[in-house]
Each structure stands twice: as structure tokens, then as C-alpha cells.
Amino acid sequence: MNPLANRPNDADNRDIVKYERFEDLPVWKAAMELAVAAYALTEHQALRATGDLRDQLRRAALSVSNNIAE
């Protein structure tokens, strides 16, 4: 059953936002902010010594935006 079936015809496209590029998606922008924050956090001296943990945190944070783009 279509949840939009009961909407009037003139309301079908009124609330739909179309994006040309994935970089325009608010969720992608938020994911990039997460990646920037993760990179800044991992610059802390306590995480510099543990390169594997730092690298894993960075890759995981960047993976969010990559998956959205994909």
C-alpha cells in the first residue's frame, strides 16, 4: 500500500526536494562534518601514539560520507 496514495494531486511534488549532486545532500554535509571532527579529534596527543586506532577512526568517519555518495 502506498502511503502517499491519500495525498491530493497538487501536494504530490510540493514537498519533494531534488538534488543534482550528492554533495548537496544535507546528510552528506553532516557526514563530512563528522569526518572533519574525527580528524581533529585524532590529532590529540593521546591518539597520535596509537596510529592504528587513529587511522581506523579516520577511515570509519570518512566511510560514512563515501557510503552516502555511493
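Rules used throughout
Along each chain, the written sequence defines residue order, and numbers are assigned to residues from 1. The predicted origin of the model limits local features to residues at a pLDDT of at least 70 and limits the giving and counting of side-chain atom pairs to 80 or more, whereas totals for whole chains, interfaces and linings rest on all residues. Side-chain metrics in this entry use all non-hydrogen atoms of the structure; hydrogen atoms and water are not considered. Note on method: axes are straight lines fitted to C-alpha atoms, helices fitted across the in-contact stretch only, with angles between N-to-C directions ranging 0 to 180 degrees. Note on conventions: DSSP H or I runs of at least 4 residues are helices, E runs of at least 2 residues are strands, and numbering of each starts at the N terminus. By the definition adopted for this analysis, an angle is roughly parallel if under 35 degrees, roughly antiparallel if over 145, roughly perpendicular if from 65 to 115, and oblique otherwise. Each crossing gets its hand from how the near helix is turned against the far one by less than a right angle, where anticlockwise is left-handed and clockwise is right-handed. Contacts are assigned to residue pairs that have any heavy atoms within 4.5 Å of one another. For this classification, Asp, Glu, Lys and Arg are treated as charged, while Ala, Val, Leu, Ile, Met, Phe, Trp, Tyr, Cys and Pro are nonpolar and the rest, including Gly, are polar.

A. The arrangement of the packing of helix α1 (residues 26-41) against helix α3 (residues 51-69) in detail. Between α1 and α3, whose axes approach to 8 Å, the crossing angle comes to 165°. In terms of orientation, α1 and α3 fall into the roughly antiparallel class. Seen from above, α1 lies across α3 with left-handed handedness. Residues Val 27, Trp 28, Ala 31, Met 32, Leu 34, Ala 35, Ala 38 and Tyr 39 of α1 form the contact with α3, whose participating residues are Arg 58, Ala 61, Leu 62, Val 64, Ser 65, Ile 68 and Ala 69. A breakdown of the residues in the contact of α1 with α3 according to their chemical character gives 13 nonpolar, one polar and one charged.

B. Looking closely at the environment of Arg 59. Considering the arrangement of structural elements, one finds Arg 59 in helix α3. As a C-alpha pair, Arg 59 and Ala 38 span 21 residues in sequence and 9.4 Å in three-dimensional space.

C. Structural view of the environment of Ala 40. By the element assignment, Ala 40 lies in helix α1. Note: C-alpha distance between Ala 40 and Arg 58 (18 residues apart in sequence) is 9.6 Å.

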